[in-house]
Amino acid sequence: MPEVTATPAAQPGNLVDPYRAYNFKLLINNVTEGHFTEVGGLGIKVETISYREAGNNSVVRAIPGRVTYAPVTLRFGLTSSLELWEWLMTAVEGKVSRRNVSIVMLDSSGSAEALRWNLVNAWPQEWYGSPLDAMSRELAVETLVLAHDGIQRETSNVGAAA
């Protein structure tokens, strides 16, 4: 049996700083796409099925049921790039182009990958344009919502004890 070495977070008495929510990037088919200001909606829900065992009506048991994956919302600054718009338009035309999308969490320096969530077979299901206001000095930020078939989490070996 191979020897398992505990990472610093798994050892009692070690303090490990949590990752910063602002250190991330988004990859679509392993290519960095744009400058995203926010990613939201990462989630998995396992529904419960309640049942009573035969002959034991006083106890209701819960077992796992259907699994659903929440749509992921991307917010990004409006630019002249048409890459995401054209991807959305393929779905509008009924020709869904599924892509693998990764949300990559970076370490505290902002340079090395710490972990990632992979969205399997993602495609754009909604788009919202930026509010336009002549009296504002805000950046124009668009919203793209992605549907996907599942989410996987990968942890990098960066910072792990060897």
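It should be emphasised that the depicted structure is a prediction, and the values quoted were computed from it without experimental measurement. (Residues numbered from 1 in each chain as written. Predicted model: local features only at pLDDT ≥ 70, side-chain atom pairs only at ≥ 80, totals over all residues. Heavy atoms only, no water.)

## Some points on the overall build of the protein chain
- Secondary structure summary: the protein chain contains one helix and 10 strands in total.
- Shown N-terminal to C-terminal, the secondary structure of the protein chain runs as helices and strands in the order β-β-β-β-β-β-α-β-β-β-β.
- Looking at the protein chain alone, contacts between residues at least 24 apart form 61% of all its contacts between residues at least 6 apart.
- With the model as given, the accessible surface of the protein chain reaches about 11300 Å², and the carbon-plus-sulfur share is 52%. (Helix = DSSP H or I, 4+ residues; strand = E, 2+ residues; numbered from the N terminus. Contact = heavy atoms within 4.5 Å. Areas by Shrake-Rupley, 256 points an atom, 1.4 Å probe, with all protein chains shown as cover.)

## Quick word on the pattern of salt bridges
- Taken as a whole, this structure holds seven salt bridges when the rule is applied.
- In this structure, E47 and R66 form a salt bridge, with 2.9 Å as the shortest nitrogen-oxygen distance. Separated by 19 residues along the polypeptide, E47 in strand 4 (residues 44-53) and R66 in strand 5 (residues 56-69) bring together distant segments of the chain.
- A salt bridge links D149 to R98, with the nearest nitrogen and oxygen atoms 3.4 Å apart. Remark: R98 occurs in the loop between helix 1 (83-92) and strand 7 (99-106) and D149 occurs in the loop between strand 9 (141-147) and strand 10 (150-155); sequence separation between them is 51 residues.
- Look at D149 and you get partly exposed, because its relative accessible area is 42%.
- For R98, a relative accessible area of 43% translates into the label partly exposed. (Salt bridge = Lys/Arg side-chain N within 4 Å of Asp/Glu carboxyl O. Buried < 20%, exposed > 50% of the residue type's maximum accessible area, 1.4 Å probe, protein only.)

## A short note on the side chain of R116
- Position of R116 relative to the elements: it lies in strand 8 (residues 113-128).
- With relative accessibility at 13%, the residue R116 sits in the buried group.
- Within the structure, R116 has its side chain in polar contact with the side chain of S102 (distance 3.3 Å).
- A polar contact of 2.8 Å, which involves the side chain of R116, links it to the side chain of E113.
- In contact with R116, other than residues within four places in its own chain, are L27, N30, S102, I103, V104, Q152, R153 and E154. (Polar contact = N/O pair within 3.5 Å; in protein donor to acceptor, adjacent residues only side chain to side chain.)

## Considering the packing of aromatic side chains
- Enumeration over the complete set of coordinates arrives at two aromatic pairs.
- Ring centres 5.1 Å apart and planes at 80° place the aromatic pair W85 and W127 in the edge-to-face group. With W85 in helix 1 and W127 in strand 8, the pair connects residues that are 42 residues apart, well separated along the chain.
- Given a relative accessible area of 36%, W85 falls into the partly exposed group. (Phe/Tyr/Trp six-rings, centres within 6.5 Å; stacked < 30°, edge-to-face > 60°.)

## Topic: the nonpolar core
- L26, F36, L84, V101, L119 and L146 are the most contacted members of the largest nonpolar core, which totals 19 residues.
- Listed by contribution, the elements that provide at least two residues to this core are strand 1 (24-28), strand 6 (72-77), helix 1, strand 7, strand 8 and strand 9.
- Sequence-distant contacts of V101, that is, excluding residues within four places in its chain, are made with L26, L27, I28, W87, W117, N118, L119, A122 and L146. (Core = buried A, V, L, I, M, F, W, Y, C linked by side-chain atoms within 4.5 Å.)

## Regarding a nonpolar patch on the surface
- Residues I44, V46, V67 and Y69 make up a contiguous nonpolar surface patch of roughly 330 Å² in combined accessible area.
- Of all elements in the fold, only strand 4 and strand 5 reach the threshold of two or more residues within the nonpolar patch. (Patch = residues over 30% accessible without salt bridge, like charges linked within 9 Å, V, L, I, M, F, W, Y side chains within 5 Å.)

## Overview of the confidence of the model for the protein chain
- Model confidence for the protein chain is summarised by a mean pLDDT of 84, while 85% of its residues fall at 70 or above.
- Per-element mean pLDDT across the protein chain ranges from 76 in strand 2 (residues 31-32) up to 94 in strand 8. (pLDDT = per-residue confidence, 0-100.)

## Points about helix 1
- Among the residues of helix 1, those classed as buried are L84, W87, L88 and A91. Down the axis, helix 1 shows its buried residues gathered within 100° of arc, on one side only.
- Structurally, helix 1 contributes buried residues whose contacts are with strand 1, strand 3 (36-40), strand 6, strand 7, strand 8 and strand 9.
- Looking one or two residues beyond helix 1, the residue adopting positive phi is G94, at roughly 85°. (Arc of directions from axis to C-beta.)

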